[in-house]
Amino acid sequence: MTAPIVRTLAAIRSEVAGWKRAGQSVGVVPTMGALHEGHLSLVRAAKAGCDRVIVTIFVNPRQFNSPQDLADYPRTEVEDARKLAPLGVDAVYVPDPEQIYPEGFSTTVSVAGLTEVLCGAHRPGHFDGVATVVTKLFTQTRADRAYFGEKDYQQLQVVTRLSRDLDLPVEVVGCPTIREEDGLAMSSRNLLLSDRARVWAPELHRAMEEMAAGLVSGGDLTALRADAEARLLRAGFTGVDYLDLRACGDLSLLTAVDRPARLLAAAWLAGVRLIDNIAVG
Ligand code: PAF
């Protein structure tokens with residue numbers, strides 16, 4: 001059975017109101033479409049934890065830094081609906097842009113601190129766009145739980161923080177990164193990789209695993225980072241935006257693994273910006 005597609009705020013509100021009246025819990029999986037196994041794992045987690053599940057598909061213009069990146073972002077609505085069909089989703093909310101940003105919309109949700117580093121430092125305004133649309137999707141769907149992948153680890157921290165700070169009645173649930181067999185983290189942007197670049201792409205995860213192992217055995221962060229960057233450049237990557245060791249949760253910069261830590265990276269391969277992160281220690 002194909003999942004019912006809902007395109008207006010009024011329609012999703014009326015659907016959710018019926019579920020809430022019946023005392024049912026609602027889970028939401030916010031996405032920008034081009035669904036892959038990572039998204040589907042979030043849907044399965046939502047199905048296991050909630051009575052009703054909404055998947056949202058909205059390519060949010062406010063979180064893109066360049067018009068070209070927005071234009072290039074993969075859009076595969078028919079294929080997405082086909083992938084969701086067997087999962088028993090209760091609604092696929094595919095809002096038209098004016099349902100999210102009506103005429104005169106003038107509010108921005110901005111999370112300080114967490115958004116000033118890593119991707120935030122390289123993509124100005126990106127997390128304001130994410131925080132604003134996620135807040136809207138939470139309030140529009142009245143979700144009790146919302147599911148996000150750890151693949152976008154910084155995004156997960158930002159969304160968790162905003163929902164706490166604004167007392168939103170939604171529990172943010174983080175789910176593990178799903179990887180291809182060769183270790184590449186699943187991402188909608190992988191569709192933009194050429195066949196050649198796709199062969200090189202897993203080197204990012206391999207370089208990070210090697211660096212993490214070096215850190216755990218007491219290696220020097222600066223030397224290990226230089227080795228990892230050199231390895232990536234040899235493998236065909238054209239630049240590394242960051243390759244940082246950071247504290248879980250508050251993302252403060254670390255120089256050694258002296259508390260729960262994550263290694264986070266963003267690197268460019270054939271014009272595509274790949275991000276990944278792994279736990280260290
Ligand atoms: O992770 C994404 O796909 C997007 O950033 C999100 C959370 C759906 C907001 O547009």
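Structure first, text after, so check above.
Residues numbered from 1 in each chain as written. Predicted model: local features only at pLDDT ≥ 70, side-chain atom pairs only at ≥ 80, totals over all residues. Heavy atoms only, no water.

(A) The arrangement of the site of the ligand in detail. Within the structure, the ligand sits among Pro30, Thr31, Met32, Asn60, Gln63, Val133, Phe148, Asp152 and Gln155. Here an oxygen atom of the ligand and a side-chain polar atom of Gln63 are 2.6 Å apart. The separation between an oxygen atom of the ligand and a polar side-chain atom of Gln155 is 2.7 Å. Look at the ligand: alone it shows 290 Å² of surface, and the protein chains cover 90% of it. (Near = heavy atom within 4 Å. Polar contact = N/O pair within 3.5 Å; in protein donor to acceptor, adjacent residues only side chain to side chain. Areas by Shrake-Rupley, 256 points an atom, 1.4 Å probe, with all protein chains shown as cover.)

(B) Region of interest: the sheet that holds strand E1 (residues 5–6). Read across the sheet, 6 strands follow the order E1-E4-E3-E2-E5-E6 without closing on themselves; strand pairing throughout is parallel. Sheet topology places E1 and strand E6 (171–175) at the edges, where each strand pairs with a single neighbour. Relative to strand E5 (residues 145–149), strand E2 (residues 26–31) runs parallel, the two being bridged by 2 bridges. Note that in E5 the partner of Gly27 across the bridge is Arg145. Packing against the sheet, helix H2 (residues 37–49) makes contact with E2, strand E3 (52–57), E5 and E6, and its axis sits at approximately 155° to E5. (Pairing = 2+ DSSP bridges. Helix = DSSP H or I, 4+ residues; strand = E, 2+ residues; numbered from the N terminus. Contact = heavy atoms within 4.5 Å. Axes fitted to C-alpha atoms, helices over the stretch in contact; angles between N-to-C directions.)

(C) Region of interest: the sheet that holds strand E9 (residues 272–280). Strand order in the open sheet formed by 3 strands is E7-E8-E9, with antiparallel pairing between adjacent strands. Lying at the two open borders of the sheet, with one neighbouring strand each, are strand E7 (239–247) and E9. For this sheet, the mean inter-axis angle between neighbouring strands, taken without regard to orientation, is 10°. Both strand E8 (residues 261–269) and E9 contribute to a ladder of 9 bridges, which runs antiparallel. Pairing of Arg262 across the sheet is with Ala279, part of E9.

(D) Looking closely at the side chain of Ser41. Relative to the assigned elements, Ser41 resides in helix H2. Among the polar contacts made by the side chain of Ser41, one reaches the main-chain carbonyl oxygen of Gly38 at a distance of 2.7 Å.

(E) Representation of the pattern of salt bridges. Counted according to the given criterion, the structure contains 19 salt bridges. A salt bridge links Asp69 to Arg189, with the nearest nitrogen and oxygen atoms 2.8 Å apart. You can see Asp69 sitting in helix H3 (residues 67–72) and its partner Arg189 sitting in the loop between E6 and helix H9 (195–200), a full 120 residues away along the chain. A salt bridge links Asp182 to Arg198, with the nearest nitrogen and oxygen atoms 2.9 Å apart. Taken together, the residues Asp182 in the loop between E6 and H9 and Arg198 in helix H9 connect sequence positions 16 residues apart. (Salt bridge = Lys/Arg side-chain N within 4 Å of Asp/Glu carboxyl O.)

(F) Representation of the layout of surface pockets within the structure. Reported here for the second largest pocket is a volume of approximately 210 Å³. Forming the walls of the second largest pocket are 16 residues, and the residues nearest its centre are Ile57, Val59, Arg75, Glu77 and Val94. (1 Å grid on protein atoms, 1.4 Å probe; cavity = no way out; pocket = protein on both sides within 12 Å on 5 of 7 lines; lining within 4 Å. Points joined across faces, edges and corners; volume = space filled by probe spheres on them.)

(G) The environment of Glu37, seen in detail. Assignment of secondary structure puts Glu37 in helix H2. For Glu37, a relative accessible area of 33% puts it in the partly exposed group. Along the primary structure Glu37 and Glu98 are separated by 61 residues, whereas in three dimensions their C-alpha atoms are 29 Å apart. At 2.7 Å, the side chain of Glu37 forms a polar contact with the side chain of Arg44. (Buried < 20%, exposed > 50% of the residue type's maximum accessible area, 1.4 Å probe, protein only.)

(H) The arrangement of H2 in detail. The end-to-end C-alpha distance of H2 is 18 Å, a good match for the 18 Å that 13 residues give at a rise of 1.5 Å each. Those residues of H2 that are buried are in contact with E2, E3, helix H4 (77–84), E5 and E6. (Expected span 1.5 Å × (residues − 1).)

(I) Structural view of the pairing of E6. Pairing of E5 with E6, which is carried by 5 bridges, proceeds in the parallel orientation. Bridge pairing in E6 places Phe148 opposite Gly174. A crossover links E5 with its parallel partner E6, the connecting element being helix H8 (residues 153–165), and its sense is right-handed. (Right-handed = clockwise from strand over helix to strand, strands pointing away.)

(J) Just the packing of aromatic side chains, in detail. On inspection of all chains with the given rule, the structure shows 4 aromatic pairs. Relative to Tyr101, the ring of Phe58 lies with its centre 6.2 Å away and its plane at 55°, an arrangement referred to as tilted. Here Phe58 is found in the loop between E3 and H3, whereas its partner Tyr101 is found in the loop between helix H5 (97–100) and helix H6 (119–122), with 43 residues between them in sequence. A ring pair is formed by Phe138 and Phe148, whose centres lie 6.2 Å apart and whose planes are at 70°; its orientation type is edge-to-face. Linking Phe138 in helix H7 (residues 126–141) with Phe148 in strand E5, this pair joins segments that are 10 residues apart in sequence. Judged by relative accessible area, Phe138 falls into the buried class, the value being 4%. Three or more aromatic residues joined by ring pairs make a cluster, and in this case those are Phe58, Tyr101 and Phe105. (Phe/Tyr/Trp six-rings, centres within 6.5 Å; stacked < 30°, edge-to-face > 60°.)

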